[in-house]
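Each chain, letter by letter, is given below.
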Amino acid sequence: MKRLELISEGKSKRIYATDDPRLVIESYKDETTAFNGLKRGNISGKGVINNRISNHLMTMLEKNGIPTHFVEELGERETLVRRVTPIPLRVVVRNITAGSMAKRLGLPEGQKLRRAVVEIDFKDEMLEHPMVNEDYIYAMGWASEEQVKLIKQYSRRINELLCTVMRQAEIEVIDCKLEFGVTVDGTLVLADEISPDTCRLWDASTHEKLGIDRFRRNLGDVEQAYQEVWSRLMGERA
Ligand code: TMP
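Rules of the game
Residues numbered from 1 in each chain as written. Predicted model: local features only at pLDDT ≥ 70, side-chain atom pairs only at ≥ 80, totals over all residues. Heavy atoms only, no water. Helix = DSSP H or I, 4+ residues; strand = E, 2+ residues; numbered from the N terminus. Contact = heavy atoms within 4.5 Å. Polar contact = N/O pair within 3.5 Å; in protein donor to acceptor, adjacent residues only side chain to side chain. Near = heavy atom within 4 Å. Areas by Shrake-Rupley, 256 points an atom, 1.4 Å probe, with all protein chains shown as cover. Nonpolar A, V, L, I, M, F, W, Y, C, P; charged D, E, K, R; others polar. Pairing = 2+ DSSP bridges. Axes fitted to C-alpha atoms, helices over the stretch in contact; angles between N-to-C directions. Buried < 20%, exposed > 50% of the residue type's maximum accessible area, 1.4 Å probe, protein only. Expected span 1.5 Å × (residues − 1).

K.L.:
Could you give me a rundown of the environment of Lys123, with the residues and numbers involved?
P.N.:
Looking at the element boundaries, Lys123 is found in the loop between strand S10 (112-122) and helix H3 (134-140). Spatially, the C-alpha atoms of Lys123 and Lys112 are 26 Å apart, while their sequence positions differ by 11 residues. Excluding residues within four positions of it along the chain, Lys123 makes contact with Pro88, Leu89, Arg90, His129 and Glu179. Polar contacts involving the side chain of Lys123 include one to the side chain of Glu179, which spans 3.3 Å.

K.L.:
How would you summarise the site of the ligand if you had to cite specific residues and measurements?
P.N.:
With respect to spatial proximity, 14 residues lie near the ligand, and among them Lys11, Ser100, Asp175, Lys177 and Arg200 are the closest. Between Arg94 and the ligand, the recorded distance is 3.1 Å, taken from a side-chain N or O atom to an oxygen atom. Contact between the ligand and Ser100: an oxygen atom at 2.6 Å from a side-chain N or O atom of the residue. Its free accessible area being 450 Å², the ligand has 85% of it covered by the protein chains. For the shell around the ligand, the secondary structure elements donating two or more residues are strand S9 (89-96), helix H2 (99-105), strand S11 (171-183) and strand S13 (199-203). Residues belonging to the shell around the ligand are distributed by class as follows: 3 nonpolar, 3 polar and 8 charged.

K.L.:
Explain the side chain of Glu179 to me, and be specific about the residues and the numbers.
P.N.:
Positionally, Glu179 belongs in strand S11. One polar contact links Glu179 to Lys177, side chain to side chain, over a distance of 2.7 Å. Contact partners of Glu179, with chain neighbours within four places excluded, come to Leu89, Lys123, Val189, Leu190, Ala191 and Asp192.

K.L.:
Which residues make up the sheet that holds strand S6 (residues 70-73), and what values go with them?
P.N.:
With antiparallel pairing, 5 strands are arranged side by side in an open sheet as S1-S2-S3-S7-S6. This sheet does not close on itself; its edge strands, each paired only once, are strand S1 (3-9) and S6. Pairs of neighbouring strands in the sheet enclose a mean axial angle of 30°, with direction left out of account. Bridging between strand S3 (residues 23-28) and strand S7 (residues 78-82) involves 5 bridges; their strand directions are antiparallel. Looking across to S7, one finds that Ile25 is bridged to Leu80. Sheet strands touched by helix H1 (residues 46-63): S3, S6 and S7. Its angle to S6, the strand with the most contacts, is close to 130°.

K.L.:
Go over the pairing of S13 with me, naming the residues and quoting the values.
P.N.:
Burial analysis of S13 places 5 of its 5 residues in the buried class, which makes it a mostly covered element. Burial along S13 is two-sided: Cys199, Leu201 and Asp203 facing one way and Arg200 and Trp202 facing the other are all buried. Pairing between S11 and S13: 5 bridges, direction antiparallel. Counterpart to Val173 in the pairing with S13 is Leu201.

K.L.:
Explain helix H6 (residues 222-233) to me, using residue names and the numbers behind them.
P.N.:
Helix length check: H6, at 12 residues, gives a terminal C-alpha distance of 17 Å against a target of 16 Å (1.5 Å per residue), a fit within 8%. Counted residue by residue, H6 has 9 buried out of 12 residues, so it is predominantly covered. Buried within H6 we find Val222, Ala225, Tyr226, Glu228, Val229, Trp230, Ser231, Arg232 and Leu233. Where H6 is buried, its residues contact H1, helix H4 (145-168), S11, S13 and helix H5 (213-216). Taken from the residues just after H6, Gly235 is the one with a positive phi, measuring 85°.

K.L.:
Can you explain unusual backbone geometry? Please cite residues and give values.
P.N.:
A positive phi angle is found at Glu128, which is not glycine, with a value near 60°. Within the secondary structure, Glu128 is located in the loop between S10 and H3. Using a relative accessible area of 58% as the deciding quantity, one classes Glu128 as exposed.

And the structure:
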């Protein structure tokens, strides 16, 4: 597969065209940002670990009937994925109060929810991803009723599967952020990535933060925390 021109560059990945119009190459970076780009930094080796973790999880999801964009890992940082038209929504599934939910509702972090919450936000960093409801989605033409039904169904199932895999690694999934897109042949698939950048992960017994929150909150040992997630998923303790 030939890597062609750069199509887009986001906070954590670059996307390149290939000689097949149905496929693109994602290349994971070590750079990271938080607080809408106000805090920037480099987490050495993050791109390599996130590439592995996301591919490992997407493969697990595919085996369990969730369509994803994942095709093949090409290298340490590079993965071949199906090209999608992104749906401009950020789906957050929450199991335990934290982050913007805790802030919005004035709740302490770490409170177990009676059931998982599927929150849908409009994906716009400048607007800080405002929460929207289905009326907004149809009024704006961001997705069809059929697509929203599938997105909600897939999101709950992805969260269940993710919680199961992480529990085996003694990691608690506080919440996770999912993005979907439509492939060239019209299939709705899970896109983007699932990694410690896009999920809040805590050690199941100590509640120590294991992902991007370590960077956001200056908790130190950021690289080690990413490595720890990967090692545990592979059945090793770092
Ligand atoms: P929030 O509680 O800050 O809204 O975050 C919810 C989830 O979204 C959390 O699992 C982390 C993820 N997330 C991202 O993937 N990118 C971001 O820029 C932010 C702020 C959160």
